[in-house]
Every structure is written in structure tokens, then in C-alpha cells.
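# Inside the fold
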Amino acid sequence: MMTIRDDHALAADLATEAGELLLRIRERVGFADPKALKAEGDRGSHVHLMEALARLRPSDSVLSEEATREERLDPRRLRAERVWIVDPLDGTREFSEEGRSDWAVHVALWEGGRLAAGAVALPAQGRTLTTADPPKLPAHHDGRFRIAVSRTRPPEFVQKLAAQAGAVLVPIGSAGAKISAVLTGEVEAYVHAGGQYEWDSAAPVAVALAAGAHASRIDGSELAYNQADPSLPDILVSLPELAASLLAGIRDLHR
């Protein structure tokens, strides 16, 4: 019988190992051909995670960003009690840019209707955030705070929200890196709307919830995973003391 701790440790080990593999791929392939580097990274990390889960958790289902459409739509996943939700390389753009460290590997376990374990490896930063040992949330003091946003397409309403709340926008690469930044004190919140999937947030949300952070849809409803449609287009992750005011501000802007 596996223990909860086993799943936490496995998520952390797999994310870390895949991250180490990606660093080796980065070094071997180089940055001259970003398209080739992205493809090699996506493929190499996906194969590593799928083979490891097939060996170590053969009875569990897996939902991966790099799976085929048919694999994602496999109805057996929806009947499964345990589903690993993985993003083998979160932030391919940043992975392919020399010197950038804001990309990640996500490994999460959904079990019995909820996220049960998860880990986010930040390989170029040399760390893995995990539900096995959740990070201690930084304290927030009243006053100006920071919101992580997309480097390339920050939602217009988030820009308005920041202006309304007197917050500073901080561009960061991948979704995992943004949520991790909330947990490590680089920012106090992450707000996004406009296109994500379950694998973009499952692992970092698992760690955020284990650490005591707030995580929800931008209307305040619960983030639901292992759904027939894996689209999960919006999210708010923040220090708990900021959640109510951010949700109220978002509601005001959407009226």
C-alpha cells in the first residue's frame, strides 16, 4: 500500500530528474536553433516522465501536455481514481532563451477528486518546490504589492486591476515560475485569464494549497482538475490576506 508521503516524494523526484535532463538537453543542443531545442526538450522530458510513471505507478492514468489528442480524450482517465497531471516543460520559450531561468517541470497527482501531491522543478534555479515540504509563505505588510503577469501577453484587465490596487506588474515566463514566485516572495499574487490548461497549473497549485496560499478561478470558484475538457483558462494565486480584495477588484472590473 503506497503512502501519501510516497506520492509527494515521487512527484518531487520525477520533476527534479526531468529538470536535470532538460538542463543536459539545453547544454547539448545549444541555443542556435530555438525550435529544435524546444522540440528536443518537450520530447525528452515527456518520454522520461511517461516511462517512469508506467514503471512506478502502472495502474495510474496520466494526463500530459505532450500526449496525443487521443490520449488526452481517453475516457478511462475520467473513471480513474488516480491521475498524474504533468507538464514536461512549462515555458518552452524561456527554456530556449539563453540565460532565462523562469521555466519549469510540473508533476501533480489528482486522486479522489482533488490534488493530492505535486512538485514544481525550477531546474535553472536549482530548486524544486514540493508538497512533501511546502515552502513557508512570506508575510505581507500592508501597502504596495506585486502581481506576476505574462511576459508577452498580460491581460488588459490585470493591468487595470494593478492600477486600481496600486500594484506593480512583474513579467515572468512560465505559469509554474509565476506561481512559484508567489510562494518564494518574489511577488504577492499571480492573475491570469485567456487560455491555460490543467497541466499549466495542477502541480504549482498543489504546492500553493499545501503552503496555505489562495488558489482559485478569478471568479473565486474552485479550480477543478481531471475534467473531460482540460481547458482551465483563468486563475488567481495569492497570499491569503490579499485574496478577498483581489477577487473584489476583479469582480468590479468585469461588471
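Residues numbered from 1 in each chain as written. Predicted model: local features only at pLDDT ≥ 70, side-chain atom pairs only at ≥ 80, totals over all residues. Heavy atoms only, no water.

Naming follows an unreviewed UniProt entry, where the protein chain appears as inositol-phosphate phosphatase of Nonomuraea aridisoli.

With respect to the helices, strands and loops of the structure, Thr130 is situated in strand β5 (residues 127-130). Owing to a relative accessible area of 10%, Thr130 belongs among the buried residues under this scheme. For the pair Thr130 and Val107, spaced 23 residues apart in sequence, the C-alpha to C-alpha distance is 9.6 Å. Looking at Thr130, its side chain comes within polar contact range of the main-chain nitrogen of Ala132, at 2.9 Å. (Helix = DSSP H or I, 4+ residues; strand = E, 2+ residues; numbered from the N terminus. Buried < 20%, exposed > 50% of the residue type's maximum accessible area, 1.4 Å probe, protein only. Polar contact = N/O pair within 3.5 Å; in protein donor to acceptor, adjacent residues only side chain to side chain.)

Relative to the helices and strands, Arg26 is located in helix α1 (residues 4-29). Of the side chains with opposite charge, Asp102 lies nearest to the buried Arg26, which makes no salt bridge, at 6.9 Å. For Arg26, the side chain forms a polar contact with the main-chain oxygen of Phe95, separated by 2.8 Å. (Lys, Arg positive; Asp, Glu negative; His and termini not counted. Salt bridge = Lys/Arg side-chain N within 4 Å of Asp/Glu carboxyl O.)

In this section: the layout of surface pockets. If you add up the space inside the largest pocket, you get close to 460 Å³. Along its surface, the largest pocket is lined by 25 residues, and Asp90, Gly91, Arg153, Ser174 and Asp200 are the ones closest to its centre. When contributions to the lining of the largest pocket are tallied by element, the ones reaching two or more residues are β2 (82-90), α5 (92-95), α7 (175-184), β8 (189-193) and α8 (198-211). Here the lining of the largest pocket is composed, by residue class, of five nonpolar, nine polar and eleven charged. Viewed by domain, the lining of the largest pocket spans two of them, domain 1 (7-130) and domain 2 (146-254), each represented by three or more residues. Looking at the second largest pocket, its volume works out to about 320 Å³. Lining the second largest pocket we find 16 residues, and of these Met50, Asp60, Ser61, Val62 and Asp74 sit closest to its centre. Only α2 (34-56), β1 (61-64), α3 (69-72) and α4 (76-79) provide two or more residues apiece to the lining of the second largest pocket. The element contributing the most residues to the lining of the second largest pocket is β1, with four residues. Taken together, the residues of the lining of the second largest pocket sort by class into seven nonpolar, two polar and seven charged. (1 Å grid on protein atoms, 1.4 Å probe; cavity = no way out; pocket = protein on both sides within 12 Å on 5 of 7 lines; lining within 4 Å. Points joined across faces, edges and corners; volume = space filled by probe spheres on them. Nonpolar A, V, L, I, M, F, W, Y, C, P; charged D, E, K, R; others polar. Domains from an automatic or database assignment.)

Moving on, we come to the packing of α7 against α8. The geometry of a pair of packed helices is captured by two quantities: the angle between their axes and the separation between those axes. Contact pair α7 / α8: the axes reach a minimum separation of 9 Å and the direction vectors enclose 10 degrees. When the axis of α7 is compared with that of α8, the two are roughly parallel. Facing α7, whose interface residues are Ala175, Gly176, Ile179 and Leu183, α8 presents Asp200, Pro204, Val205, Val207, Ala208 and Ala211. Of the residues belonging to the contact of α7 with α8, the class tally is eight nonpolar, one polar and one charged. (Axes fitted to C-alpha atoms, helices over the stretch in contact; angles between N-to-C directions. Parallel < 35°, antiparallel > 145°, perpendicular 65-115°, else oblique. Contact = heavy atoms within 4.5 Å.)

What follows is about the pattern of salt bridges. What the rule picks out here adds up to 14 salt bridges. For the salt bridge of Glu156 with Lys160, the shortest nitrogen-to-oxygen distance reads 3.6 Å. Here Lys160 and Glu156 lie together in helix α6 (residues 156-165), a separation of four residues that amounts to about one turn. Taking the relative accessible area as the measure of exposure, Lys160 reaches 46% and is therefore partly exposed. Taken together, the shared-partner salt bridges connect Asp7, Arg57, Asp60, Arg82 and Glu111 into one network.

This next bit is on the domain arrangement of the protein chain. Assigned domains of the protein chain: these are domain 1 (7-130) and domain 2 (146-254). Centre-to-centre separation of domain 1 and domain 2, based on C-alpha positions: 21 Å. Summing both partners gives a buried area of about 2,200 Å² for domain 1 against domain 2, and 62% of it is carried by carbon and sulfur. It is Ile85, Leu115 and Leu129 in domain 1 that bury the most area against domain 2; as a group they hold 21% of the surface buried on that side. Note that Glu186 is salt-bridged to Arg127, the shortest N-O span being 3.1 Å. Taken together, the links from domain 1 to domain 2 amount to twelve residue pairs in polar contact (both at pLDDT 80 or more). When contributions to the side of domain 1 that touches domain 2 are tallied by element, the ones reaching two or more residues are β1, α4, β2, α5, β3 (104-111), β4 (114-122) and β5. (Buried area = accessible area lost by both parts, 1.4 Å probe.)

Here the focus is α2. Taking 1.5 Å of rise per residue, the 23 residues of α2 would be expected to cover 33 Å, and the 33 Å separating its terminal C-alpha atoms lies within 8% of that figure. Leu37, Gly41, Asp42, Ser45, His46, Leu49, Ala52 and Leu53 are the residues of α2 that are buried. (Expected span 1.5 Å × (residues − 1).)

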